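Chain residues, written in single-letter form:
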There are 2 protein chains.
Amino acid sequence: MSSANKGCVVVKSSLIDPDGGSLVDLVVKKSERDLKARDAESMPKVSLTRIDLEWVHVLSEGWASPLRGFMREDEYLQSLHFNCLRMKDGSLVNMSLPIVLAIDDEAKERIGASNDVALAGPDGDLVGILRSIEIYKHNKEERIARTWGTTAPGLPYVEEVITPAGNWLIGGDLEVLKHIKYNDGLDNYRLSPQQLRKEFDKRQADAVFAFQLRNPVHNGHALLMNDTRRRLLEMGYKNPILLLHPLGGFTKVDDVPLDVRMEQHSKVLEDGVLDPETTIVAIFPSPMHYAGPTEVQWHAKARINAGANFYIVGRDPAGMGHPTEKRDLYDPDHGKKVLSMAPGLEKLNILPFRVAAYDIVGKKMAFFDPSRAKDFLFISGTKMRTYARTGEDPPDGFMCPGGWEVLVKYYESLQTEEATQNAAVLSS
Amino acid sequence: MSSANKGCVVVKSSLIDPDGGSLVDLVVKKSERDLKARDAESMPKVSLTRIDLEWVHVLSEGWASPLRGFMREDEYLQSLHFNCLRMKDGSLVNMSLPIVLAIDDEAKERIGASNDVALAGPDGDLVGILRSIEIYKHNKEERIARTWGTTAPGLPYVEEVITPAGNWLIGGDLEVLKHIKYNDGLDNYRLSPQQLRKEFDKRQADAVFAFQLRNPVHNGHALLMNDTRRRLLEMGYKNPILLLHPLGGFTKVDDVPLDVRMEQHSKVLEDGVLDPETTIVAIFPSPMHYAGPTEVQWHAKARINAGANFYIVGRDPAGMGHPTEKRDLYDPDHGKKVLSMAPGLEKLNILPFRVAAYDIVGKKMAFFDPSRAKDFLFISGTKMRTYARTGEDPPDGFMCPGGWEVLVKYYESLQTEEATQNAAVLSS
């Protein structure tokens, strides 16, 4: 693959009406909460895992609008085969990931012919109700093959969520008793699509560009975001606002945890690499699938629901290494190609970007210049983590010092933890 | 699964303009043939397998219209991810199977920077030209997973075509020198979409209902087809014509071969089970994928291109047993569900059917009546083949005697062949 093909793109949308009229909100009114809770007492109970609850969070706030709950079979099949849903008026809405709730044989039997079920959180609390349910087969192999384009063992979401799940899926209309909170000190960053839209209005944004990430922000990312802003200003927008939107749900074990990333992102703003005046940092509550071209559609679609109208796509979005072969799981260019062609996202426009890399002459992250290719160093996420883990400094200008320090401290704490555990094992 | 869900459906379309104006025809004019052939002499050659040639046949006659040749990457990705292609005017056209041509590393190197390649048939003859080519990676695992929803070993098309194929795909605009012929005595049944449309016009059909099959016709199939005709007459159509349309390309080894099936179909018409006055028998040149809900879309779409406006869908269309597990590969109901929701096939209407089975009281194939379920016998394709192979007669009224005789003779000939081979092995 030529380096020229490695670039990023910004995707523009005018899909969602600016007043947010169509956004689904599945959290019941406070006045109805007690009544619903009493209602739920007589219903069969379905227990949610931590990740099921993340999906309840996603659904309840309208990120997956127009979905009104976990998918019934017709929605599931459309998502799996077409990556989109047909609405009653004939229009197509993008919906690339199956958002489903699995139950086992025992739960299915317990539910019997009930129309509605109560949903209990991982700690047993009543979370909500699923109404007018439909139970259908959970063909895990087909779901995995069609979502990831592989069934190789070792896909993080598959191992964590799908393999241990039951053989049935239960869909229905969701009612959530109250907004999902995590009490981890980060809830104030968890803005709903409705809240984000209000914030954009308050700041009088005339363009909102979203940046999805699950990694620390380095200066290459910052270059992309700042350059997008520059280009938007050139295009005539007066007040473009950046939505820096780290993913807050399930991630694989070797990714940097959310709390560390949030601290790192704060430093990036403190150090002035991104302008706090024109940036909103918020958490996207979705779990991560690592499903490349299929998942990037979900990442874009959810941000459009939150009011973003430009979406930045990098190389190999939502990708990872193949779990059993020595190669990328997805062609690094397929993400942006598939996104640009996805049904239900027709109104997206794409601004091509060259890829950013470390310029060893300029001593900074810069857009790759093929005429002096030998001056550029590509530093992958894996390479970055290796630097931080071994205590080796990355090249000057790769990341702001404050942000880098957060990462180094995190990896030091991991090593201390590991050493303590090893010592405990030795002494036991 | 309840028996009520096992039924067949007829799908109606008014998608294609009746004059066939939009149909692609990629066979060059006779007057240009010599010029094109001289042109091709200077081009790098790509060798086609027997099944590649079947796809050239399919493409050349417009079954896959609006495709103008083997898919380039943007068409391939849309087919793989969305089962449909977006046209320049924004409309979506269904295209559920990747129609692609694979080449190996050596061929790719030989082609180098050439814009066009010559296509040579399995016996070395020049077949056509692929113009303005694009070569891209053939990620077999991803293609298989997204097309079949499994990567289990033993999928017939995968083993025959994909596993031995090269690591590159080559797309481009196809020019075919002359109509593809097989010289097997059946070419007169191989009517192109254009020819079929003319035939429907000639017969003054006001409705055309297509029946896809790759198996002998038993009286359950006939019941379906005759009942469809009855219902179409009831709906007010004056002259509904049946397109009995056996698949003529690659099938798996234990399927009944095309020549035997064609003989069997002739007997069914001779015996009056189907009315020759209102039936056209023709061969559909496509190879078989056995890809269930993904493939049934292709089967319907190609027949719509040929002028059919009703399409009959049975239980588990294009399905087969899971290659490594003791179950159907696909949920038997998913085919008709997915077809009814497929983008690019929006104008299809569905008439639900009850499933046909052998009524041991009435001694005939009849629509299943759940109120006397114990009176019905389900005879699968496998069961039918076992009857014919072992020389056991199926229940009276299962198939017309003339048709059954064809099958019995075929299986007898197989056993003779096998015995001869065994004898040859023993004496060698």
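Everything that follows concerns the structure shown earlier in this document.
To keep things clear, this report deals only with the structure shown in the data block. (Residues numbered from 1 in each chain as written. Chains lettered and ligands numbered in written order. Predicted model: local features only at pLDDT ≥ 70, side-chain atom pairs only at ≥ 80, totals over all residues. Heavy atoms only, no water.)

Remarks on the pattern of salt bridges
Residue and element names in this part refer to chain A.
- Going through the model one piece at a time under the given rule, you end up with 60 salt bridges over all chains.
- Between Arg131 and Glu175 there is a salt bridge, and its shortest N-O distance comes to 3.3 Å. Here Arg131 is found in strand S7 (residues 126-137), whereas its partner Glu175 is found in strand S8 (residues 168-176), with 44 residues between them in sequence.
- Judged by relative accessible area, Arg131 falls into the buried class, the value being 16%.
- Note on Glu175: relative accessible area 17%, which makes it buried. (Salt bridge = Lys/Arg side-chain N within 4 Å of Asp/Glu carboxyl O. Helix = DSSP H or I, 4+ residues; strand = E, 2+ residues; numbered from the N terminus. Buried < 20%, exposed > 50% of the residue type's maximum accessible area, 1.4 Å probe, protein only.)

Considerations on the packing of aromatic side chains
All names here are of chain A.
- Scanning the model with the defined rule gives 22 aromatic pairs over all chains in all.
- Between the aromatic rings of Trp55 and Trp298, the centroid separation amounts to 5.9 Å while the plane-to-plane angle is 50°, which identifies the pairing as tilted. A residue pair is termed long-range when its members are at least 10 positions apart, and Trp55 in helix H2 (residues 50-60) and Trp298 in helix H10 (residues 292-305) qualify at 243 residues. Side by side, Trp55 and Trp298 carry an identical accessibility label, which is buried. (Phe/Tyr/Trp six-rings, centres within 6.5 Å; stacked < 30°, edge-to-face > 60°.)

Looking at empty space enclosed by the protein
- A complete count under the given rule lists three cavities of 30 Å³ or more for this structure.
- For the largest cavity, the calculated volume is near 90 Å³.
- Mapped by element, the contributors of at least two residues to the lining of the largest cavity are helix H3 (73-82) of chain A together with helix H3 (73-82) of chain B.
- When its residues are assigned to classes, the lining of the largest cavity shows two nonpolar, six polar and two charged.
- Each pocket or cavity is described by its volume, and for the second largest cavity that value is around 50 Å³.
- In this structure, the second largest cavity is lined by Phe209(A), Met225(A), Asn226(A), Arg229(A), Leu242(A), Leu274(A), Asp275(A), Thr278(A) and Thr279(A).
- The element best represented in the lining of the second largest cavity is helix H8 (residues 219-234) of chain A, accounting for three residues.
- Across the lining of the second largest cavity, the residue classes tally to four nonpolar, three polar and two charged. (1 Å grid on protein atoms, 1.4 Å probe; cavity = no way out; pocket = protein on both sides within 12 Å on 5 of 7 lines; lining within 4 Å. Points joined across faces, edges and corners; volume = space filled by probe spheres on them. Nonpolar A, V, L, I, M, F, W, Y, C, P; charged D, E, K, R; others polar.)

A short note on a nonpolar patch on the surface
Residues and elements named next belong to chain A.
- On the surface, a nonpolar cluster with roughly 250 Å² of combined accessible area is contributed by Ile360, Val361 and Leu377.
- With respect to the secondary-structure elements, Val361 resides in the loop between strand S14 (356-359) and strand S15 (364-367).
- Among the residues examined, Val361 registers a relative accessible area of 58% and is labelled exposed. (Patch = residues over 30% accessible without salt bridge, like charges linked within 9 Å, V, L, I, M, F, W, Y side chains within 5 Å. Areas by Shrake-Rupley, 256 points an atom, 1.4 Å probe, with all protein chains shown as cover.)

Concerning the pairing of strand S7 (residues 126-137) of chain B
All names here are of chain B.
- As judged from the four bridges shared by strand S6 (residues 117-120) and S7, these two strands associate in the antiparallel manner. Residue pairing in the sheet places Val117 in a bridge with Leu130 of S7.
- Here eight bridges tie S7 to strand S8 (residues 168-176), and the two strands are oriented antiparallel to one another. Counterpart to Tyr136 in the pairing with S8 is Leu169. (Pairing = 2+ DSSP bridges.)

Describing the interface of chain A and chain B
- At the junction of the two partners, chain A supplies 38 residues and chain B supplies 38 residues.
- Buried area between chain A and chain B, summed over both chains or domains, comes out near 3100 Å², and the portion from carbon and sulfur atoms is 49%.
- Among the residues chain A hides against chain B, the three largest losses belong to Phe82(A), Arg146(A) and Met341(A). Together they make up 22% of the total.
- The interface formed by chain A and chain B contains six salt bridges. (Contact = heavy atoms within 4.5 Å. Buried area = accessible area lost by both parts, 1.4 Å probe.)

Section: the sheet that holds S8(B)
Residue and element names in this part refer to chain B.
- Here five strands make up an open sheet; going across it, the order is S2-S6-S7-S8-S5 and the pairing mixed. Of all the strands in the sheet, the pair left with one neighbour each is strand S2 (45-47) and strand S5 (102-103).
- As defined by bridge partners, S2 adjoins S6 across three bridges and the pair is classed as parallel. Paired with Lys45 across the strands is Ala118, a residue of S6.
- In the packing of helix H1 (residues 33-41) onto the sheet, the strands contacted are S6, S7 and S8, and the crossing angle to S7 comes to about 45°. (Axes fitted to C-alpha atoms, helices over the stretch in contact; angles between N-to-C directions.)

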